Amino acid sequence: MSGMRGLSVFISDIRNCQNKEAERLRVDKELGNIRTCFKNEKVLTPYKKKKYVWKMLYIHMLGYDVDFGHMEAVSLISAPKYPEKQVGYIVTSCLLNENHDFLRLAINTVRNDIIGRNETFQCLALTLVGNIGGRDFSESLAPDVQKLLISSSCRPLVRKKAALCLLRLFRKNPDAVNVDGWADRMAQLLDERDLGVLTSSTSLLVALVSNNHEAYSSCLPKCVKILERLARNQDVPQEYTYYGIPSPWLQVKAMRALQYFPTIEDPSTRKALFEVLQRILMGTDVVKNVNKNNASHAVLFEALSLVMHLDAEKEMMSQCVALLGKFISVREPNIRYLGLENMTRMLMVTDVQDIIKKHQSQIITSLKDPDISIRRRALDLLYGMCDVSNAKDIVEELLQYLSTAEFSMREELSLKAAILAEKFAPDLSWYVDVILQLIDKAGDFVSDDIWFRVVQFVTNNEDLQPYAASKAREYLDKIAIHETMLKVSAYILGEYGHLLARQPGCSASELFSILHEKLPTVSTPTIPILLSTYAKLLMHTQPPDPELQKKIWAVFKKYESCIDVEIQQRAVEYFELSKKGAAFMDVLAEMPKFPERQSSLIRKAEDVEDTADQSAIKLRAQQQPSNALVLADPQPVDGAPPPLKVPIVSGSTNPESVARSVSQAYGTLSSIDPQTPSPDLLSDLLGPLAIEAAPGAVSTEQHGPIGAEGVPEEVDGSAIVPVEEQTNSVELIGNIAERFHALCLKDSGVLYEDPHIQIGIKAEWRGQHGRLVLFMGNKNTSPLTSVQALILPPAHLKLDLSPVPDTIPPRAQVQSPLEVMNIRPSRDVAVLDFSYKFGTNMVNAKLRIPATLNKFLQPLQLTSEEFFPQWRALSGPPLKLQEVVRGVRPLALPEMANLFNSFHVTICPGLDPNPNNLVASTTFYSESTGAMLCLARIETDPADRTQLRMTVGSGDPALTFELKEFIKEQLITIPMGSRALVPAAGPGPAPAPPVAQPPSPAALADDPGALLAGLL
Amino acid sequence: MIKAVMMMNTQGKPRLAKFYDYMPVEKQQELIRGVFSVLCSRPENVSNFLEIDSLFGPDSRLVYKHYATLYFVLVFDGSENELAMLDLIQVLVETLDKCFSNVCELDIVFNYSKMHAVLDEIVFGGQVLETSSAEVMKAVKEISKLEAASNSISLVPKSVSGWRGR
């Protein structure tokens, strides 16, 4: 690195280049020169080689590809003298990557340098491996590097590099570090006096514990010791004191390592740590010196994260929030930035939201900060802290900010505002207001999802329709409106404009002229929407207005020869249809309600925000949803599907073309195949009609009501699998899986119901025995025949079902007892294969019997004197099993305790000193095990409620395993209708082909069969 | 983990760039340009943090410091503490200051090789290796000595005042 004249001259030549072109010429000349010299290797002295290689690196940094000379760089590594070797190492690690073939050639040289005695060579070699070493290096060098790291004779300079080199090798190949052998060594390394080595070792520890914290649990107290040493400023040399702070980096790293341990069990360690943390929280002030400020706050913010992770006592938490509240209003922008960021992370901690809300006005001020980084943080925080109570304020602030925000933020901003408005709207009209304002202010940044969603809401909520229509009408009066606004307005006015007919300026012809005024300025995709709206306006004009008809027909005529196929087709078809009178009315009737579903916006937001911090926000959002905006039930409560007009087209057109024209009448974009609607929102606009008009359905005689949910892609894996064609054409009432899950936790209720039959169940459990009674009630006025009930028993249960009569008379109920005995622990479930004939229809259902594992549990509450000896007696696998469960449905602790109690695993409060843990006990009964005590412990992570550690123990390995799995199943969100469980008898409403005669609501209410559930 | 260390001047010319994840040279240039275009539009007296997801992918952070005609930039992931990274820039700059007694852009330009040596003593494979500038100086001096001992052709003295005239 001492001066090289040639390099300096070259650099100054480059500096003197007037423009990029001159620079390129100079570089090319140099590269040519170097190339020639390398070809003539014999005359190349090591010094020259070194000089050229440096030039190459410089050229590389300037952005030119240097695709030769790699071999020369690598060959310098084996030079005997230091300067050449050094250049070889530095340049190789900059120019080559870990997969480069030449690198493999160097492995041996590198290894020789590592195991050699020359420390400076060792350093060079370690640096190379630490920067670009790949798997090959990992396999051949890991033991040597470990030796250097723990060697007592090596200087710290070498050892700290060895630590980080090992970290690289571990990342490339986790087997490079053998957990069993290394855990103790790692703990010893943390006793190191030299802070340089200690810092590197702590970095290594962070990587190791992030992979497997259990193996390194002995390092936990050592980390706390390190923190104590630094906090008390004991034995910290001057050179490691940075602006008066004892090595902030080491403090930060040690606290980071601690965050990978789920909890700290040892009370004295915990106490010591909290003392240190307390000292950091209390003892940090904002001072004048920027560097000192940064350093002390680096430590402070890390301490805050650790406190949050450990879910400290409430007092300490509120202390943290108070600190953060102070930070977000200080002058120092870095601290403000981090204050906001950490407050967002803090949201995941329960009980502090209210304190955070107190700072709302300050956070809103930060939305106007001159620094975009801070504005973004403020936006994230506002988004995260929004709930029903403050949604109105926050969303209105966001709308206001939207007009001044930079373009790069507008899309995110409008999406967030839309999501918050949807999630937390106090009332629906406010939601409509917000979205329309959003489109008005930032139309370019409002994605289609947003306006599709508002259309869905309006369609599904009748109360909202007149309001939305009048709002849409108001926006049309504006001189310049965004095209998206025109689309929404046109759609809404087409559907609901007639509701305004009595108001001034809202007659069909007035609506038409104000919309048509805008048509010349719109882009092609909007025209079809306008055409649909015109057609609808025309249809709603009763009695027909010949004037309007003339105008609209003129428009249709005009577009008949449009070059855009979509527009042309609509124009032609609407024109033809509008001459058809009654059929026209049917085709263009109001859109049916949309099936309820998760908002695609929210889904999108969740997809986007999958980083750790954000998921906490999401989680919280799930915990406190607003009920305000639940989509209105797509089906009336009595189960009768909404009436849907069916196109009855006489004469020439075949059903398929009608399907197309109809679907396009409602569609907004072209090229969507009605047979396979895409799963986005548009399919909702198309779906119901498209399926309805599928050839088969239209050609049948029955144009009965059709379930709005009968869209193919809506049918999840849950539909009953038809045994053969023409069977199972019944519509289920209620969700089978939900009924089953409910019955797992209670002893009587309805197991299955369809329009013809209801099956109820009632059970009593005593030890390993159970007695169930099935109640089968015929709801009809005609008999059910060929009734068959078969039990498919799993291996662990003995089941005895009394015979079921072949026929169930009209409006009668038969009872059939079922005896159950539990032979051994298992989570398998018995299945009832049930079938009957109604008229000519064969109906078959496979139903899970709720004789689940928990039914053989009896609640048992233990005291700590009883619990702990038993717990300790269970030494480990296979009697005691532990597992970290991820993807847990987030539950607050009391809720989780209730859940456990509900399946007879009794929570024993106060036994575990850590308030985040649950300890539970129960007795399990089976023939093979007899009565057996089972114990369980759940350790939750308050920072991440989606994961927990579970330990289950009992005197029987099979029981331990089965119980553990059972509890896990209960904790993990089981998607409803999971196909995996019992494929044949999944839950959910079946797709409904036309039902001959569904019972009317009145009949249902009067029908004694419907009351069966109550009787049971 | 630190993903990249960059030094560039206020005109956007890279003075030193080291990426700890391998990247082809075009990509490196693109990132340097991308970072510069954001940096140069930052006003004074704002925070030292930048959102950089669009350039470096999710969970990446950037801190920078502006000294006279130079930007010092660190890009890293969520496993590092932002303020500690800012401190690390300060350590790097203080070390350079000791190396060149009152470091200026030209020192950095003309002592390209030395810059690499200093940086390698502070950041190692994307991890913080040493935080004490005294220790870094010791290591760098040792290297200089070794070079001097075996390199008799060393010509240009440390001082680059001759070049500064330009």
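Identification of chain B as AP complex subunit sigma from Camelina sativa is taken from an unreviewed UniProt entry. Entered under Sequence similarities (unreviewed entry) in the UniProt record, the comment concerning chain B runs "Belongs to the adaptor complexes small subunit family."

Going by the annotation in an unreviewed UniProt entry, the name recorded for chain A is AP-2 complex subunit alpha, with Camelina sativa given as the source organism. Per UniProt, chain A carries the Sequence similarities (unreviewed entry) text "Belongs to the adaptor complexes large subunit family." Per UniProt, the comment on chain A under Subcellular location (unreviewed entry) is "Membrane, Coated pit".

**Student:** I keep staring at the overall build of chain A and nothing clicks. Help me out?
**Tutor:** Along the backbone of chain A there are 42 helices and 16 strands. The burial tally for chain A puts 58% of its 1016 residues in the buried class. Carbon and sulfur atoms provide 53% of the accessible area of chain A, an area that totals close to 41,800 Å².

**Student:** What am I meant to see in the overall build of chain B here?
**Tutor:** For chain B, the helix and strand inventory stands at seven helices and seven strands. The helix and strand sequence of chain B, counted from the amino end, reads β-β-α-β-α-β-β-α-α-α-β-β-α-α. A burial count over chain B gives 65% of its 166 residues as buried. Sequence separation of 24 or more characterises 52% of the internal contacts of chain B that already satisfy a separation of 6 or more. Within the structure as shown, chain B displays about 6,100 Å² of accessible surface, and the carbon and sulfur contribution to it stands at 53%.

**Student:** Teacher, can you tell me more about the pattern of salt bridges here?
**Tutor:** Side chains that differ in sign of charge can pair as their charged atoms come close. On inspection of all chains with the given rule, the structure shows 63 salt bridges over all chains. Notably, a salt bridge pairs A:K416 with A:D380, separated by 2.9 Å at the nearest N-O pair. Taken together, the residues span a long stretch of sequence, with A:K416 in helix α22 (residues 407-424) and A:D380 in helix α20 (residues 372-385) at a distance of 36 residues. Here A:D440 ties to A:K478 by a salt bridge, and the two come within 2.7 Å at their closest N and O atoms. Taken together, the residues A:D440 in helix α23 (residues 428-442) and A:K478 in the loop between α25 (464-476) and α26 (483-496) connect sequence positions 38 residues apart. According to the relative accessible area criterion, A:D440 is partly exposed, its value standing at 24%. By relative accessible area, which is 36% here, A:K478 ends up partly exposed. One salt-bridge network, in which partners are shared between bridges, spans A:R376, A:R377, A:D380, A:E412, A:K416 and B:E51.

**Student:** What am I meant to see in the interface of chain A and chain B here?
**Tutor:** As a measure of interface size, the accessible area lost when the parts come together is often cited. Across the contact, 77 residues belong to chain A and 70 residues belong to chain B. The contact between chain A and chain B buries some 6,600 Å² in all, and 57% of this surface belongs to carbon and sulfur atoms. Between the two partners, chain A and chain B, sit seven salt bridges. Counting the contacts that link chain A with chain B gives 23 residue pairs in polar contact (both at pLDDT 80 or more).

**Student:** I tried to follow the packing of helix α1 (residues 5-16) of chain A against helix α2 (residues 20-39) of chain A on my own but got confused; where do I start?
**Tutor:** Packed helices, taken two at a time, are described by the angle their axes make and the gap between the axes. All names here are of chain A. The N-to-C vectors of α1 and α2 enclose an angle of 155°; their axes lie 8 Å apart at closest approach. Accordingly, the angle class assigned to the pair α1 and α2 is roughly antiparallel. In this structure, α1 meets α2 at a crossing whose hand is right-handed. Contacts from F10, D13 and I14 in α1 reach E23, R26, V27 and E30 in α2. Looking at the contact of α1 with α2 residue by residue, the class counts come to three nonpolar, no polar and four charged.

**Student:** How should the confidence of the model for chain B be read in this particular structure?
**Tutor:** Low pLDDT means the predicted atomic positions in that stretch should not be read closely. Residue and element names in this part refer to chain B. Per-residue pLDDT for chain B has a mean of 86; in total, 90% of the residues score no lower than 70. For chain B, helix α7 (residues 161-164) is the element with the lowest average pLDDT, namely 42, and strand β5 (residues 70-77) is the one with the highest, namely 95. The model gives residues 152-166 a pLDDT under 50, and that stretch makes 18 contacts with residues more than four places away or in other chains.

Analysis parameters
- Residues numbered from 1 in each chain as written.
- Chains lettered and ligands numbered in written order.
- Predicted model: local features only at pLDDT ≥ 70, side-chain atom pairs only at ≥ 80, totals over all residues.
- Heavy atoms only, no water.
- UniProt positions renumbered as here; feature names shortened; annotations may be inferred.
- Helix = DSSP H or I, 4+ residues; strand = E, 2+ residues; numbered from the N terminus.
- Buried < 20%, exposed > 50% of the residue type's maximum accessible area, 1.4 Å probe, protein only.
- Areas by Shrake-Rupley, 256 points an atom, 1.4 Å probe, with all protein chains shown as cover.
- Contact = heavy atoms within 4.5 Å.
- Salt bridge = Lys/Arg side-chain N within 4 Å of Asp/Glu carboxyl O.
- Buried area = accessible area lost by both parts, 1.4 Å probe.
- Polar contact = N/O pair within 3.5 Å; in protein donor to acceptor, adjacent residues only side chain to side chain.
- Axes fitted to C-alpha atoms, helices over the stretch in contact; angles between N-to-C directions.
- Parallel < 35°, antiparallel > 145°, perpendicular 65-115°, else oblique.
- Left-handed = near helix turned anticlockwise from the far one by under 90°.
- Nonpolar A, V, L, I, M, F, W, Y, C, P; charged D, E, K, R; others polar.
- pLDDT = per-residue confidence, 0-100.

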